[in-house]
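Coordinate inspection notes
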Amino acid sequence: MSPEERLEKLEKIGEALATEVRPVEPDLLSVAPSPFSANLGHKEIEVIEEVKEVVLTDDQVLEALADQIKPSGVFNLGGEYFLMFKDGRRGSGSQLKVSLNDSEYIVLLSDITGVTYQLRYKTAELQRELN
């Protein structure tokens, strides 16, 4: 470092040390944010999102309800097919109560074959295969 550069740096240091330190007035301290706080006086902006109600079609509702209906098997009794569930068996024409999003729906079990079953909710119909 050259003598001129050294002199320039020493002058800057001297200027920094020569600044006058004044005490902060007590009434300003009471409203000033703490430098140790995570919130340095920044205000949170509250964002309110408008929730729009989504209206689903009968087909969409039935698709979601059908995912909740899980028969454990099928059997044939006297030429008529029945689906087996944990709480018993259901035949064609039976109504199934299905809960979805804190609401209860009634789904009609309209037809059962050896490998498929058909569900109906209002105007929508859906055929599912037995797994």
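Above this note sits the structure.
Residues numbered from 1 in each chain as written. Predicted model: local features only at pLDDT ≥ 70, side-chain atom pairs only at ≥ 80, totals over all residues. Heavy atoms only, no water.

Points about the overall build of the protein chain
A count of helical and extended segments in the protein chain gives three helices and seven strands. Compactness check: the protein chain gives a C-alpha radius of gyration of 37 Å against a globular reference of 14 Å for 131 residues, more than 25% above the reference. Taken along the three principal axes of its C-alpha coordinates, the protein chain extends 110 × 45 × 25 Å. A burial count over the protein chain gives 19% of its 131 residues as buried. Of the contacts made within the protein chain by residues no fewer than 6 positions apart, 35% connect residues no fewer than 24 positions apart. On the protein chain, roughly 11,100 Å² of surface is accessible, and the fraction owed to carbon and sulfur atoms is 52%. Of the side-chain charges in the protein chain, 14 are positive and 24 negative, and the distance between the mean point of each set is 7 Å. (Helix = DSSP H or I, 4+ residues; strand = E, 2+ residues; numbered from the N terminus. Rg over C-alpha atoms; globule rule 2.2 N^0.38 Å. Buried < 20%, exposed > 50% of the residue type's maximum accessible area, 1.4 Å probe, protein only. Contact = heavy atoms within 4.5 Å. Areas by Shrake-Rupley, 256 points an atom, 1.4 Å probe, with all protein chains shown as cover. Lys, Arg positive; Asp, Glu negative; His and termini not counted. Charge placed at Lys NZ, Arg CZ, Asp CG, Glu CD.)

Section: a negative patch on the surface
Negative charge collects at one region of the surface, where Glu-4, Glu-5, Glu-8, Glu-11 and Glu-15 lie side by side. Looking at the secondary structure, you find Glu-8 in helix H1 (residues 3-17). (Patch = residues over 30% accessible without salt bridge, like charges linked within 9 Å, V, L, I, M, F, W, Y side chains within 5 Å. Salt bridge = Lys/Arg side-chain N within 4 Å of Asp/Glu carboxyl O.)

Considering unusual backbone geometry
Within the chain, Asn-101 stands out as a residue other than glycine whose phi angle is a positive 55°. As for its position among the elements, Asn-101 is in the loop between strand S4 (94-100) and strand S5 (103-112). The phi dihedral of Lys-122 is positive, around 50°, even though this residue is not glycine. Secondary-structure assignment places Lys-122 in the loop between strand S6 (116-121) and strand S7 (124-129). A relative accessible area of 61% means that Lys-122 is categorised as exposed.

Topic: a nonpolar patch on the surface
A contiguous nonpolar surface patch, about 410 Å² in accessible area, is contributed by Val-24, Leu-28, Leu-29 and Val-31. Note that Leu-28 resides in helix H2 (residues 26-31). Residue class for Leu-28 comes out partly exposed when judged on its relative accessible area of 47%.

Points about the packing of aromatic side chains
Within the structure shown, the criterion is met by two aromatic pairs. Ring centres of Phe-75 and Phe-82 lie 5.5 Å apart, and the angle between their planes is 20°; this geometry places the pair in the stacked category. Arranged with centres 5.7 Å apart and planes meeting at 80°, the rings of Tyr-105 and Tyr-121 form a pair that is edge-to-face. Taken together, the residues span a long stretch of sequence, with Tyr-105 in strand S5 and Tyr-121 in strand S6 at a distance of 16 residues. Given the relative accessible area of 22%, Tyr-105 is considered partly exposed. The ring of Phe-82 has Arg-89 sitting right over it, with the charged end atom 5.2 Å from the ring centre. (Phe/Tyr/Trp six-rings, centres within 6.5 Å; stacked < 30°, edge-to-face > 60°. Lys NZ or Arg CZ within 6 Å of the ring centre and 35° of its normal.)

Any functional reading would require information that these geometric values do not contain.
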